[in-house]
Structures are given as C-alpha cells and as structure tokens.
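Here is what each chain is made of, one letter per residue.
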Amino acid sequence: MPRRTAALLVAIALGSAAAAGCSSAAGPDRAGGSSSGAGAAATVPTPVVSTPAASASASPVPTDPASTGVPAPSSSSPPAPVSVSVRGTVTDGLKSPWGLAVLPGGDLLVSERDSARILRVPAKGGGKAVAGTVPGVTSGGEGGLLGLALSPDFATDHQVYAYFSTGSDNRIVRFDLDPSRPAGSQLGAPAVLLGGIPHGPRHNGGRIAFGPDGFLYAGTGDANDRSLAQDRDSLGGKILRLTRDGTPAPGNPFPGSPVWSLGHRNVQGLAWDPQGRLWASEFGQDTWDELNLITPGGNYGWPTVEGTAGREGFTDPVAQWHTADASPSGIAFADGAVWVAALRGTRLWRVPVDGGRAAGAPQEFLRGDYGRLRTVAADGDGGLLLVTDNTDGRGSPRPGDDRILRLDVSAG
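Rules used throughout
- Residues numbered from 1 in each chain as written.
- Predicted model: local features only at pLDDT ≥ 70, side-chain atom pairs only at ≥ 80, totals over all residues.
- Heavy atoms only, no water.
- Helix = DSSP H or I, 4+ residues; strand = E, 2+ residues; numbered from the N terminus.
- Buried < 20%, exposed > 50% of the residue type's maximum accessible area, 1.4 Å probe, protein only.
- Contact = heavy atoms within 4.5 Å.
- Areas by Shrake-Rupley, 256 points an atom, 1.4 Å probe, with all protein chains shown as cover.
- Salt bridge = Lys/Arg side-chain N within 4 Å of Asp/Glu carboxyl O.
- Phe/Tyr/Trp six-rings, centres within 6.5 Å; stacked < 30°, edge-to-face > 60°.
- Pairing = 2+ DSSP bridges.
- Axes fitted to C-alpha atoms, helices over the stretch in contact; angles between N-to-C directions.
- Lys, Arg positive; Asp, Glu negative; His and termini not counted.
- Polar contact = N/O pair within 3.5 Å; in protein donor to acceptor, adjacent residues only side chain to side chain.

A. View of the overall build of the chain. Scanning the chain from N- to C-terminus turns up 1 helix and 27 strands. Residues counted as buried form 59% of the 412 residues belonging to the chain. Put simply, of all contacts in the chain between residues at least 6 apart along the chain, 62% involve residues at least 24 apart. Total accessible area computed for the chain in this model is approximately 14000 Å², and 52% of it derives from carbon and sulfur atoms.

B. The pattern of salt bridges, seen in detail. Inspection of the entire model under this criterion finds 20 salt bridges. The salt bridge partner of Arg-277 is Asp-273, with a shortest N-O separation of 2.7 Å. Summarising the burial analysis for this pair, Arg-277 and Asp-273 share the class buried. In this structure, the salt-bridge partner of Asp-401 is Arg-403, at a minimum N-O distance of 3.2 Å. On the basis of relative accessibility, which here comes to 5%, the residue Asp-401 falls in the buried class. A single network of salt bridges, built from pairs that share partners, joins Asp-325, Arg-347, Glu-364 and Arg-367.

C. Region of the structure containing the packing of aromatic side chains. In total, this model carries 5 aromatic pairs according to the counting rule given. When the centroid spacing of 5.0 Å and the interplanar angle of 70° are considered together, the rings of Tyr-217 and Trp-272 count as edge-to-face. Of this pair, Tyr-217 sits in strand 13 (residues 216–219) while Trp-272 sits in strand 16 (residues 267–272), placing them 55 residues apart in sequence. In terms of burial, Tyr-217 and Trp-272 fall into one category: buried.

D. Region of the structure containing unusual backbone geometry. The amide bond that connects Trp-302 to the next residue, Pro-303, takes the cis arrangement and shows omega of 0°. Here Pro-303 shows up in the loop between strand 18 (288–294) and strand 19 (319–322). Going from Asp-401 to Asp-402, the amide bond is cis rather than trans, its omega being -5°. Looking at the element boundaries, Asp-402 is found in the loop between strand 26 (384–388) and strand 27 (404–411). Of note in this structure, His-203 is not a glycine but carries a positive phi near 65°. Within the fold, His-203 resides in the loop between strand 11 (191–197) and strand 12 (208–210).

E. Spotlight on the pairing of strand 6 (residues 117–121). As judged from the 4 bridges shared by strand 5 (residues 108–112) and strand 6, these two strands associate in the antiparallel manner. When the sheet's bridge partners are listed, Leu-109 is paired in strand 6 with Arg-120. In this structure, the hairpin formed by strand 5 and strand 6 is closed by a connection of 4 residues, where Ala-116 is found at a positive phi of approximately 65°.

F. View of the sheet that holds strand 7 (residues 129–133). Sheet architecture is open: 4 strands sit in the order 4-5-6-7, paired in antiparallel fashion. The open sheet is flanked by strand 4 (97–102) and strand 7, the only strands paired with a single partner. Neighbour-to-neighbour, the strand axes of the sheet open up by a mean angle of 25°, direction not taken into account.

G. Representation of the side chain of Glu-282 within the structure. In this structure, Glu-282 sits in strand 17 (residues 278–282). Here Glu-282 sits buried without a salt bridge, and the closest side chain of opposite charge, Arg-265, lies 7.3 Å off (N-O distance). Here His-264 takes part through its side chain, which lies 2.7 Å from a polar atom of the side chain of Glu-282. At 2.6 Å, the side chain of Glu-282 and the backbone nitrogen of Arg-265 are in polar contact.

H. Spotlight on the sheet that holds strand 25 (residues 373–378). If you trace the 4 strands from one edge of the open sheet to the other, you get 3-27-26-25, paired in antiparallel fashion. Of all strands in the sheet, those bounded by a partner on one side alone are strand 3 (82–91) and strand 25. This sheet shows a mean twist of 25° between the axes of neighbouring strands, independent of strand direction. Pairing geometry for strand 3 and strand 27, over 8 bridges, is antiparallel. Note that in strand 27 the partner of Val-82 across the bridge is Ala-411.

I. Structural detail: the side chain of Asn-252. Structurally, the position occupied by Asn-252 is in the loop between strand 14 (238–242) and strand 15 (259–262). The class of Asn-252 is buried, set by a relative accessible area of 10%. Those residues in contact with Asn-252, other than ones at most four positions away along the chain, are Arg-241, Ser-257, Pro-258, Val-259 and Trp-260.

Keep in mind these values describe shape, not function.
This is the structure:
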C-alpha cells in the first residue's frame with residue numbers, strides 16, 4: 001500500500017479535540033537515512049500546530065487513570081534540550097527481537113518474534129541464554145511471539161505474560177519462569193487468558209503492559225480488516241484492559257467488555273507517565289503516524305480519519321508524523337517525555353509533554369545510526385534500553401544485528 005514520503009512535517013495537537021487513528025506501515029520498511037550523530041539532539045522543522053476543535057473543552061488533569069477527564073492545556077515554554085549517547089551494547093546477535101521486560105535485579109527478557117524463543121540477558125550484558133521456547137506460536141508476516149510483561153508481583157509469583165500469534169488468532173498467555181531449571185526449559189506451560197484476538201498477515205498489534213492500576217493492557221491491530229476497529233464487539237483495533245486472569249477489568253467503559261479504547265489501526269506502544277496517563281503509538285496507513293493520549297472509551301478514528309481531523313466523536317493525536325519518518329512501535333516515558341522507537345523512520349523520537357499536551361516539537365536522535373528500532377524502555381537507572389529490528393525481513397541487517405543498546409540521556 002503506497003505511503004507518503006514527503007519531507008518531515010510534525011504536527012502537534014495542543015487541544016484535545018476530535019479525530020484520529022492509524023496503525024502499521026503498509027509498504028516495505030527499509031533501514032537507512034543519514035545519521036544525526038549519537039550525542040546531539042537533532043533539530044526538526046517548525047511543526048504545524050493545530051487549534052482545538054470547537055467541541056473540545058479543557059478540564060483539570062485526571063489523577064485517576066480510570067477518569068474520563070480531559071487534560072488541561074500545557075505550558076507554552078519550550079522544552080529544555082537534551083542529548084542522547086549510546087553507553088554500550090547490552091547484547092547482540094538477536095533475530096527479530098520484539099518484546100522486552102526488565103527483571104528485578106536488572107536482567108532482561110527479550111522475545112524473538114519468529115523463533116518463539118525468550119532469551120535472558122544479564123544486566124551487565126554479554127552472553128545470553130535461552131530461557132525457553134513458547135509453544136503454539138505461528139510466525140509469518142507481522143505475527144509471532146510479540147509482547148512480554150512481568151506480573152506486578154513477579155518477585156514472588158514469577159509469572160510472565162506474553163502476546164503471540166497462532167494460525168487462527170492472537171492470544172495472551174501466562175506462564176511461570178523458573179531460573180533454577182536447565183537453560184531452554186525454564187518456562188512453565190502457558191495458560192491462555194484471552195484468545196480470539198483477530199489475526200492477519202499484518203496489523204497484529206502485540207504490545208502488553210501492566211498499568212499503575214495493576215491491570216493488564218494490550219494493544220491490538222485491525223488484522224488488515226479496517227471494519228474491526230469501529231466494531232465494539234471485536235477485539236481488533238483496540239486497546240484492551242484485563243485482570244491478571246484475562247477477564248474484563250472492573251471499571252472498563254463498556255460493561256462486560258475488555259475494550260478500553262477503539263478506532264485504532266495497529267497499536268504497538270504503551271506507556272504511562274507519572275500521573276497515570278496512558279500514551280500509545282499507532283501506525284498510520286498513507287499519511288500520519290500518531291502518538292495518542294488514551295482515555296477510557298475514547299474513539300481514535302480509524303478508519304474514518306487518520307491523524308488530526310478535528311471531527312466530533314473522535315480524539316485527535318497529541319503528535320503525528322509522516323509515515324516515512326516514524327512507523328512507531330515501542331514507546332517509553334522518561335525525562336518528562338514520551339520516547340518513540342521508529343521502524344521505517346530509523347530513529348528515536350522524543351516528544352516532550354506537559355500534562356496531557358505536547359510541550360514542544362518532537363526531537364529526533366540516532367537517525368539511521370542503527371536502522372529499524374522496535375522497542376524502547378526505561379532501564380531504571382535514568383537511561384533507556386533500545387532494541388533494533390533489522391532482521392525482521394524489512395530491514396538491512398548489519399554485522400551483529402539485532403542488538404539491545406543502553407542509552408544515556410543528559411541535559412543540553
């Protein structure tokens with residue numbers, strides 16, 4: 001499917017208005033682009049700023065993640081500049097890495113999409129060991145073993161959650177991790193918590209994460225059937241909110257349903273800010289990729305609209321990019337900003353935020369330096385972990401690919 005390759009145009013919605021929804025890249029995503037240097041913040045053209053729709057209204061920022069309040073406007077002061085440098089490579093030689101989880105003590109778990117393996121990487125880096133292979137995974141296209149999440153009580157219950165594709169659906173499972181077992185057989189039998197998530201060769205979503213409320217959130221895709229995104233009875237094109245046992249979480253906006261928000265094309269990034277607000281990245285089709293602030297019951301527009309539209313009944317994105325400049329997958333919140341790993345865009349974006357608004361133009365880092373970027377996560381030590389994905393069939397692998405990098409973020 002054709003994708004616009006016009007020069008970079010970053011739009012920031014400074015109002016909470018109506019409209020938006022996008023998802024995954026349609027054409028081949030090739031690694032490339034010129035480098036901006038690892039240690040300096042890159043500048044971007046002046047963004048197009050959209051004004052709030054007439055139907056939008058400002059109200060106090062909600063402190064309860066289940067609140068449906070609209071965030072208050074942000075400060076107009078520009079964000080302080082930051083720089084990003086690569087401290088080192090944690091590990092390399094990964095094949096189609098996708099999900100990442102930081103264990104107590106700093107060791108990492110990383111999933112490989114096509115091999116269905118979960119690898120354990122020491123906190124100090126270097127060698128990696130196969131914890132196990134998840135049974136029942138069917139790889140192909142954009143499907144396979146995707147997101148990982150640790151139980152909020154992992155230190156005592158040792159439970160890991162995973163999102164993966166089978167031949168007929170996408171599903172969320174839970175299993176035990178026992179490091180006392182021999183390498184390769186440390187995973188317990190998976191228990192299916194939720195099945196029947198629409199599956200297709202593309203747009204399978206796949207990111208899962210526990211929110212500050214203790215519930216499990218999952219980003220799904222429309223499985224290449226755009227009608228599913230607006231169908232409240234379908235699990236496709238949604239963000240879901242579940243209990244640890246896979247049932248609809250109490251307080252969901254549609255009683256008895258796991259659906260938290262709808263109108264999404266393909267959600268692969270979920271992150272919360274310190275105030276408990278949920279942010280999500282979304283792949284666009286022809287024009288706009290999105291960063292959205294998620295509210296319960298919110299409709300983000302796909303397939304009716306893509307990007308900022310100011311239409312009644314839909315929620316506009318906080319920031320958007322032309323699809324050639326992003327194709328956003330994993331996101332993380334750190335240093336007062338949402339960090340966005342870009343696949344086709346082959347760069348790391350930083351979107352400074354103030355409350356529920358963008359506080360300035362997005363900044364780009366590492367452009368083209370490491371190819372396609374799949375996942376970014378806070379490392380718990382003030383830095384970031386960044387996972388490349390050049391071996392997924394759409395990139396141009398380099399010696400040592402794929403790898404996990406540890407980044408330092410500093411002011412100025």
